[in-house]
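Structure assessment
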Amino acid sequence: MPAVPVVKWDIFCSVVDNFGDIGVTWRLAKQLVAEHDQSVRLWVDDVSAFARICPAADAQLDHQVQQGVDVYAWHAQWSAIEPGDVVIEGFACHLPDTYVAAMAARARKPLWLNLEYLSAEGWVAGCHGLPSMQSNGLQKYFFFPGFTADTGGLLREAALVPERQAFQADAAAGGNFLRGLGVEPIAGARLISLFAYENKALHSWLDALSALPQTTQLLVPEGRILGDVQAWLGDGKLLAGDCQVRGKLQINVLPFLEQSQYDRLLWSCDFNAVRGEDSFLRAQWAGRPMLWHIYPQEEGAHWDKLNAFLKLYTEGLSAPAREALISLWRDWNSRQSMTKSWSFWLENADELTIHAEKWCLEQASCADLAAALVQFQQNWI
Ligand code: TRH
């Protein structure tokens, strides 16, 4: 049987802000190599952002191999290279003009894809996979991740959910993991992880947590929300390793974690506050209830996205549980007091916890995004 030729992928990532762009493209690159034996070059214009989520990386290098992926610094001054067979521009980033010209000049034209942002909005399915003719005669296809079978699916490694379930079924695993981070878990406490943009609603939530009868242990990796935590504590600059107690609330500050460690943090917690795109998805794979701080867009465009997700996610919930979840998410995202909505959420915590696992398993029964991309490429040739 003739050997299947290796498909070469070029994935381009422009780090607009934070870690979502690199978080998603790096995850995809790793998975294409590990599970589909593809040859992948990841071009990133901010290698230091990459090195934050992959600490084994060297932010100074122009080229390095990490987990089988060739990671290149994408410089403004582009050197000519032979384009791959599949070219992915992450989140509509602008490819170097000379690279696009080289794509058009290739005898066998590459498959050109724009990997879009994740959204649950209804129009996504209609646009997924559509081609758009470019001025140089190449077609560019829009590839939309999504929550329904008529979209490109969600990034999920093949072993992710079973691995996560085994971790959670092991009574010692979460505690051991946290101890490895220097955090002693408090027996009987509700464990919450917090990753969010700056948010004025945080103060009311921390007030509520500190006044509850049950202890809460809040785990906060270093990041933008730390300023609000600091202001609430009123006790100087917080650093990784710090621990502060107010009433029934203990706050532990963690270092920013490597991506797979961050997964384990989500798996260890009873509730996860997440943001952006990638952490939002990883919290769903954690099978635990969550609170999403959506990336705020101009003129409130993010509300349609948030509401579309809420509509899908809350299907099958009782009316009170649905309302509790929606109130909490809306208060958080509109920076309103969380006092009432958190207490309402707690009343429905059991149902929402069962629901989180159910949602995860439903979503995990669909094809994942990397597999869908490989399939798309095979159907295209
Ligand atoms: O960082 P984000 O806010 O990213 C983005 C960007 O703003 C981007 O421009 C926007 O388009 C997108 O949101 C919607 O949040 P996100 O997407 O959750 O990415 C964070 C990444 O960082 C994710 O891969 C998880 C990872 N991470 C770690 O690896 N370690 C950590 O300790 C934490 C807290 C996160």
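What counts as what
- Residues numbered from 1 in each chain as written.
- Predicted model: local features only at pLDDT ≥ 70, side-chain atom pairs only at ≥ 80, totals over all residues.
- Heavy atoms only, no water.
- Helix = DSSP H or I, 4+ residues; strand = E, 2+ residues; numbered from the N terminus.
- Rg over C-alpha atoms; globule rule 2.2 N^0.38 Å.
- Buried < 20%, exposed > 50% of the residue type's maximum accessible area, 1.4 Å probe, protein only.
- Contact = heavy atoms within 4.5 Å.
- Areas by Shrake-Rupley, 256 points an atom, 1.4 Å probe, with all protein chains shown as cover.
- Lys, Arg positive; Asp, Glu negative; His and termini not counted.
- Charge placed at Lys NZ, Arg CZ, Asp CG, Glu CD.
- Phe/Tyr/Trp six-rings, centres within 6.5 Å; stacked < 30°, edge-to-face > 60°.
- Domains from an automatic or database assignment.
- Buried area = accessible area lost by both parts, 1.4 Å probe.
- Near = heavy atom within 4 Å.
- Polar contact = N/O pair within 3.5 Å; in protein donor to acceptor, adjacent residues only side chain to side chain.
- Nonpolar A, V, L, I, M, F, W, Y, C, P; charged D, E, K, R; others polar.
- Expected span 1.5 Å × (residues − 1).
- Core = buried A, V, L, I, M, F, W, Y, C linked by side-chain atoms within 4.5 Å.

1. Description of the overall build of the protein
Of the regular secondary structure elements, the protein holds 15 helices and 14 strands. For 381 residues, the compact-globule formula gives about 21 Å, and the C-alpha radius of gyration of the protein, at 22 Å, lands near that figure. By principal-axis analysis of the C-alpha atoms, the protein measures approximately 70 × 45 × 45 Å. When the 381 residues of the protein are sorted by exposure, 55% land in the buried category. Nonlocal contacts in the protein, meaning residues at least 24 apart in sequence, comprise 68% of its contacts between residues at least 6 apart. If you sum the accessible surface of the protein, you get close to 16,300 Å²; carbon and sulfur atoms cover 54% of it. Within the protein, the 44 negative side-chain charges are centred at a point lying 2 Å from the centre of the 29 positive side-chain charges.

2. Here we look at the packing of aromatic side chains
Two numbers describe a pair of aromatic rings. These are the distance of the centres and the angle of the planes. The tally for this structure, following the rule as stated, stands at 35 aromatic pairs. Considering the side-chain rings of Trp78 and Tyr99, the 5.7 Å spacing of their centres and the 90° angle between planes classify their relative orientation as edge-to-face. On the criterion of sequence distance, the pair formed by Trp78 in the loop between β4 (69-73) and β5 (86-90) and Tyr99 in helix α3 (residues 97-105) is long-range, its members being 21 residues apart. Judged by its relative accessible area of 0%, Tyr99 falls in the buried class. With a centroid separation of 5.7 Å and 85° between ring planes, the pair formed by Phe309 and Trp359 is classed as edge-to-face.

3. Quick look at the domain arrangement of the protein
Taken domain by domain, the protein holds domain 1 (8-154 + 366-380) and domain 2 (160-364). On a C-alpha basis, the centroid separation for the pair domain 1 and domain 2 is 29 Å. Facing the 20 residues of domain 1 at the interface are 25 residues of domain 2. Among the residues domain 1 hides against domain 2, the three largest losses belong to Arg27, Leu118 and Phe147. Together they make up 29% of the total.

4. Considerations on the site of the ligand
Around the ligand there are 22 residues in total, and Asp17, Tyr197, Leu257, Asp278 and Ser279 lie nearest to it. Measuring from an oxygen atom of the ligand, one finds a side-chain N or O atom of Asp17 at 2.6 Å. For the ligand, an oxygen atom lies 2.8 Å from a polar atom in the backbone of Glu277. For the ligand, whose free accessible area comes to 710 Å², the fraction covered by protein is 98%. Taken together, the elements giving at least two residues each to the shell around the ligand come down to α1 (20-36), α9 (259-268) and α10 (278-285). Per element, the largest residue contribution to the shell around the ligand is three residues, and it comes from α1. For the shell around the ligand, the per-class residue count stands at 10 nonpolar, six polar and six charged. Counting residues domain by domain, the shell around the ligand receives three or more from each of domain 1 (8-154 + 366-380) and domain 2 (160-364).

5. Quick notes on unusual backbone geometry
In this model, Asp37 sits at a positive phi of 55°, which is unusual for a non-glycine residue. Note that Asp37 resides in the loop between α1 and β2 (39-44). Although it is not a glycine, Gln67 adopts a positive phi angle of roughly 50°. Turning to its location among the elements, Gln67 is positioned in the loop between β3 (63-66) and β4.

6. What about helix α15 (residues 369-380)?
Given a rise of 1.5 Å per residue, 12 residues ought to cover 16 Å, and the 16 Å separating the end C-alpha atoms of α15 matches this to within 8%. Looking at α15, one finds that the buried residues are Leu369, Ala370, Ala372, Leu373, Val374, Phe376 and Gln377.

7. Quick look at the nonpolar core
By size, the foremost hydrophobic cluster in this structure holds 117 residues, and its most contacted members are Ile22, Leu28, Leu194, Trp205, Phe309, Trp329 and Trp342. Here this core spans two domains, and each of domain 1 (8-154 + 366-380) and domain 2 (160-364) adds at least three residues to it. Residues in contact with Phe309, not counting those within four places in the same chain, are Ala120, Phe147, Phe280, Gln284, Met290, Trp292, Trp329 and Trp359. Listed in part, the 12 residues of the second largest apolar core include Phe12, Trp74, Tyr99 and Leu138.

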